[in-house]
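Observations on the model geometry
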Amino acid sequence: LKGQEKNLTTEAIARMNLLLHGMEDFEIKRGDTLRDPKFVSGDKLTTFDCVIANPPFSLSDWGHEKWFADKYSRNRFGIAPKKNGDFAWIMHMFSSMNEDTGRMAIVVPHGVLFRGGEEGEIRKKLVESRSCECVIGIAKNLFYGTNMATCILIFRKNRIESELNKILFIDASEIFTKGRSQNKLSDSQSDEIFKIY
């Protein structure tokens, strides 16, 4: 298990959490993932079977200027807008998946599904890569610091041939329990807890 975190406090919490859950074989490094990834082998990113993240939403100071000549080829589908790094995170994670066994899940704002411009071009190329497996829309106000609606994007590098031209869309926006300041994920609302399109 490997991870990178820029914020010192969050990095310490990650280490503590892993130790409290009985994990001993892990490596958490501190640093700016988009500007200075720590898990590299020469001029290539280290790749993994599973890549997961809940990165900062719509990050405005994400390192746009460095991605024009990104030596890790994370810009192969384009460069995210200077004022919004959502697709930079997606492309970093996409580039960190093993070619044969790589899977990824990332929590992002709903805006990644419909914004145009550079983001629309990157999204189109990701869909054309046929590695996007599923999009799950989840409820608003589930995360600290934002009440915006979010979604989980699931990617898999080596998909079943018969599924290559399909993307599963799941509306799970009703699966939550209302809280005073923040909602919580819950499946106790009803028997019909989500819609598949």
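Attention here is on the structure that accompanies the text. This structure is a prediction, so every number in the text was calculated from the model and none was measured.

Now for the overall build of the chain. On a plain count of helices and strands, the chain comes out with three helices and 12 strands. Since a compact globule built from 197 residues should have a radius of gyration of about 16 Å, the 17 Å found for the chain is in line with a globular shape. Each principal axis of the C-alpha distribution contributes one length, and for the chain these read about 50 × 40 × 35 Å. Taking all 197 residues of the chain together, 41% fall into the buried category.

Moving on: the pattern of salt bridges. Evaluated as defined, the whole model comprises 15 salt bridges. Measuring nitrogen to oxygen at the nearest pair gives 2.9 Å for the salt bridge that ties Arg15 to Glu11. Of this pair, Arg15 and Glu11 both sit in helix H1 (residues 8–20), four residues apart, which is roughly one turn of that helix. Two residues, Asp70 and Arg74, come together in a salt bridge whose shortest N-O distance is 2.7 Å. The pair formed by Asp70 and Arg74 is uniform in burial state, with each residue classed as buried.

Where strand E1 (residues 2–5) lies against strand E2 (residues 27–30), four bridges are found, and the strand directions are parallel. By the bridge assignment for E2, Lys2 is matched with Glu27.

The next thing to look at is the side chain of Lys157. Structurally, Lys157 can be placed in the loop between strand E8 (150–156) and strand E9 (168–172). Exposure remark for Lys157: the relative accessible area of 19% places this residue in the buried category. Here Glu99 takes part through its side chain, which lies 2.9 Å from a polar atom of the side chain of Lys157. When near neighbours in sequence (up to four residues on either side) are disregarded, Lys157 contacts Phe94, Met97, Asn98, Glu99 and Gly102.

A few words now on the packing of helix H2 (residues 86–95) against helix H3 (residues 117–128). Running from N to C, H2 and H3 cross one another at 25°; their axes reach a closest spacing of 11 Å. The angle between the axes of H2 and H3 places the two elements in the roughly parallel class. The interaxial crossing formed by H2 with H3 has left-handed handedness. Residue-level inspection shows Phe87, Ile90, Met91 and Phe94 of H2 in contact with H3, the latter providing Glu119, Ile122, Arg123 and Leu126.

Before going further, it helps to examine the environment of Phe57. Inspection of the secondary structure puts Phe57 in the loop between strand E5 (50–53) and H2. Sequence spacing of Phe57 and Gly137 is 80 residues, and the spatial spacing of their C-alpha atoms is 15 Å. Each residue touching Phe57, except ones within four places of it in the same chain, is listed here: Asp86, Val107, Val108, Pro109, Phe143, Thr146, Met148 and Thr150.

This next bit is on the nonpolar core. Ile90, Phe94, Met104, Ile106, Leu126, Leu153 and Phe155 are the most contacted members of the largest nonpolar core, which has 26 residues in total. Breaking this core down by element, the ones donating at least two residues are H2, strand E6 (103–109), H3, strand E7 (132–138) and E8. Considering every element that reaches this core, the biggest residue donor is H2, with seven residues. In this structure, Met104 is in contact with Val51, Ile90, Met93, Phe94, Met97, Leu153, Ile154 and Phe155, ignoring residues within four places of it in sequence. Counting residues in hydrophobic clusters, the runner-up holds nine residues, among them Ile138, Leu142, Ile175 and Phe176.

The next subject is unusual backbone geometry. With phi around 60°, Ser73 is a residue other than glycine that occupies positive phi space. Within the element layout of this structure, Ser73 appears in the loop between E5 and H2. Positive phi, close to 60°, is recorded for Arg130, a residue that is not glycine. Mapped onto the elements, Arg130 comes out in the loop between H3 and E7.

Here is what the cut-offs are and how they apply
Residues numbered from 1 in each chain as written. Predicted model: local features only at pLDDT ≥ 70, side-chain atom pairs only at ≥ 80, totals over all residues. Heavy atoms only, no water. Helix = DSSP H or I, 4+ residues; strand = E, 2+ residues; numbered from the N terminus. Rg over C-alpha atoms; globule rule 2.2 N^0.38 Å. Buried < 20%, exposed > 50% of the residue type's maximum accessible area, 1.4 Å probe, protein only. Salt bridge = Lys/Arg side-chain N within 4 Å of Asp/Glu carboxyl O. Pairing = 2+ DSSP bridges. Polar contact = N/O pair within 3.5 Å; in protein donor to acceptor, adjacent residues only side chain to side chain. Contact = heavy atoms within 4.5 Å. Axes fitted to C-alpha atoms, helices over the stretch in contact; angles between N-to-C directions. Parallel < 35°, antiparallel > 145°, perpendicular 65-115°, else oblique. Left-handed = near helix turned anticlockwise from the far one by under 90°. Core = buried A, V, L, I, M, F, W, Y, C linked by side-chain atoms within 4.5 Å.

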